[in-house]
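Secondary and tertiary structure notes
Below, each chain spelled out in residue letters.
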Amino acid sequence: MKLTRRQLLWSALGLSCTRPAAAKPKNVLFIAVDDLRPQLGCYGDSFAHTPHIDSIAARGLTFENAYCQQAVCGPTRASLLTGLRPDTIRVYDLNTSFRKAVPDAVTLPEHFLHNGYHTENIGKVFHGNDLMNDRQSWSVPERLHQVEKRDQYALEENRDPDPWKKTAATEMADVPDNAYIDGRVADDAVATLDRLHKAGKPFFLGVGFTKPHLPFAAPKKYWDLFDRSKVPLAPNPEKPSGIGEFPVPTYSELRSYGDYPDSGPIPDEDVRRAMHGYYAATAYTDANVGKVLGKLDALGLRNDTILVLWGDHGWHLGEHSHWGKSTNFEIGTRVPLLISAPG
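Here is a short report on the structure shown in this document. (Residues numbered from 1 in each chain as written. Predicted model: local features only at pLDDT ≥ 70, side-chain atom pairs only at ≥ 80, totals over all residues. Heavy atoms only, no water.)

Describing the overall build of the protein
Of the regular secondary structure elements, the protein holds nine helices and 12 strands. Taken over the C-alpha trace, the protein has a radius of gyration of 22 Å; the compact-globule value for 343 residues is 20 Å, and the two agree within 12%. Expressed as lengths along the three principal axes of its C-alpha atoms, the size of the protein is roughly 85 × 45 × 40 Å. Per-residue burial for the protein yields a buried fraction of 52% across its 343 residues. Within the protein, residue pairs in contact and separated by at least 24 positions form 71% of the contacts whose partners lie at least 6 positions apart. When the accessible surface of the protein is summed, it comes to about 16000 Å², and 54% of that surface belongs to carbon and sulfur atoms. (Helix = DSSP H or I, 4+ residues; strand = E, 2+ residues; numbered from the N terminus. Rg over C-alpha atoms; globule rule 2.2 N^0.38 Å. Buried < 20%, exposed > 50% of the residue type's maximum accessible area, 1.4 Å probe, protein only. Contact = heavy atoms within 4.5 Å. Areas by Shrake-Rupley, 256 points an atom, 1.4 Å probe, with all protein chains shown as cover.)

Some thoughts on helix α2 (residues 51–58)
Along α2, the residues that are buried comprise Ile53, Ile56 and Ala57. Angularly, the buried residues of α2 cover 100 degrees about the axis, an arc narrow enough to put them on a single face. Its buried side turned inward, α2 meets β2 (61–62), α8 (268–298), β8 (305–311) and β12 (337–340). (Arc of directions from axis to C-beta.)

Quick word on the sheet that holds strand β1 (residues 27–33)
Read from one edge to the other, the open sheet built from six strands follows the order β2-β12-β8-β1-β6-β4, with strand pairing classed as mixed. Edge positions in the sheet fall to β2 and β4 (118–123), since each of these pairs with one other strand and no more. Here β4 runs beside strand β6 (residues 203–209); their pairing, made up of six bridges, is parallel. By the bridge assignment, His118 is partnered in β6 with Phe203. With respect to the sheet, helix α3 (residues 73–82) is in contact with β1 and β8, its orientation differing from that of β1 by roughly 160 degrees. Against the sheet, helix α6 (residues 181–199) touches β4 and β6, its axis set at about 170 degrees to β6. (Pairing = 2+ DSSP bridges. Axes fitted to C-alpha atoms, helices over the stretch in contact; angles between N-to-C directions.)

Observations concerning α8
The end-to-end C-alpha distance of α8, which contains 31 residues, comes to 45 Å, matching closely the 45 Å that a straight helix rising 1.5 Å per residue would cover. The element α8 is extensively covered by neighbouring structure, given that 24 of its 31 residues are classed as buried. (Expected span 1.5 Å × (residues − 1).)

Quick word on the layout of surface pockets
Taken as a whole, the largest pocket encloses approximately 670 Å³ of empty space. Its residues assigned to classes, the lining of the largest pocket comprises nine nonpolar, 12 polar and six charged. Within this model, the second largest pocket holds a volume of roughly 310 Å³. Forming the boundary of the second largest pocket are 15 residues, of which Pro237, Ile266, Val271, Gly318 and Trp323 lie nearest the centre. It is α8 that contributes the most residues to the lining of the second largest pocket, four residues altogether. Looking at the lining of the second largest pocket residue by residue, the classes come out as nine nonpolar, three polar and three charged. (1 Å grid on protein atoms, 1.4 Å probe; cavity = no way out; pocket = protein on both sides within 12 Å on 5 of 7 lines; lining within 4 Å. Points joined across faces, edges and corners; volume = space filled by probe spheres on them. Nonpolar A, V, L, I, M, F, W, Y, C, P; charged D, E, K, R; others polar.)

Observations concerning the environment of Pro237
On the secondary structure map, Pro237 appears in the loop between α7 (220–223) and α8. Using a relative accessible area of 39% as the deciding quantity, one classes Pro237 as partly exposed. Sequence spacing of Pro237 and Gly277 is 40 residues, and the spatial spacing of their C-alpha atoms is 18 Å. Beyond its immediate stretch of four places on either side in the chain, Pro237 contacts Gly318, His320 and Ser321.

Structural notes on the pairing of β12
The side-chain alternation of β12 yields one buried face, formed by Leu338 and Ser340, and one unburied face, formed by Leu337 and Ile339. Pairing between β2 and β12: two bridges, direction antiparallel. The partner of Leu61 across the bridge, within β12, is Ile339.

Let's talk about the packing of aromatic side chains
Following the criterion strictly, the structure yields 15 aromatic pairs and no others. Between the aromatic rings of Phe30 and Phe204, the centroid separation amounts to 5.3 Å while the plane-to-plane angle is 40 degrees, which identifies the pairing as tilted. Here the residue Phe30 occupies a position in strand β1, and Phe204 occupies one in strand β6, the gap between them amounting to 174 residues. Among the residues examined, Phe30 registers a relative accessible area of 4% and is labelled buried. (Phe/Tyr/Trp six-rings, centres within 6.5 Å; stacked < 30°, edge-to-face > 60°.)

This is the structure:
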């Protein structure tokens, strides 16, 4: 057999001339979390209760300096999932499809779809409305990806006939996890993993959790994990001096709910209630992440699956006098990003 020049060089270097066997494609479990700032145990927050998310960090890589492209749900998700900046895809709001500006863009799940993967979406991965979702990214239609405001509540007193009315900013109900949408997303993801495992085809599974997005609603047991009197408050609640009005939005997401004042000081007890709610909602999401990871382990898929968990942007919890997102401050743009891959 006549050797090629490359094979002769490899042989001289003591390297194999044969092509290695193709590695088995890894699955991808791609977990998106809405309004989650790096307020997690793996990022140094000792008050948070996030053991399941922390376990991903323990087995993988924690990105300490991950930042979103724009601190608004729709633009940042479209940017991350296309790999293109907002000024390329022309998405700056919650009602614009990136396909209008870049119809030929190939999204992350679409790339896997084109390369022999089954791709599936449960919950909010793209922004949760039909205009901003991308049907061509998925093998089957999206599920549980759009939820009206009234369905973010479990208590009937908060479920207004107007499906998008913001009634209570917090809700603590003594109900099972699947009384709220994220519990149903987790249940669906567990069942889907069972089905995909039996099918035997490599998969890209997008799972999107809405908490800790407002309203800060979660089953009572997650509120009970924390002593409200000890909830840490923002160390910098005042606007920085000399910056003018532009850097801090006049719109406050928290104040848009019916049980918070539209303007003026927020009573101390309501500040603590909101902080308590954010920690409780985050703990609830962590438990739902744990259910999905538990099924992955039970099926023996952990060593065949790349895990990614990311937040779409930060969120002000009173820092710089703001309660919401939509700023370019560190607290609005820095996000959690964890990747755990076999080996």
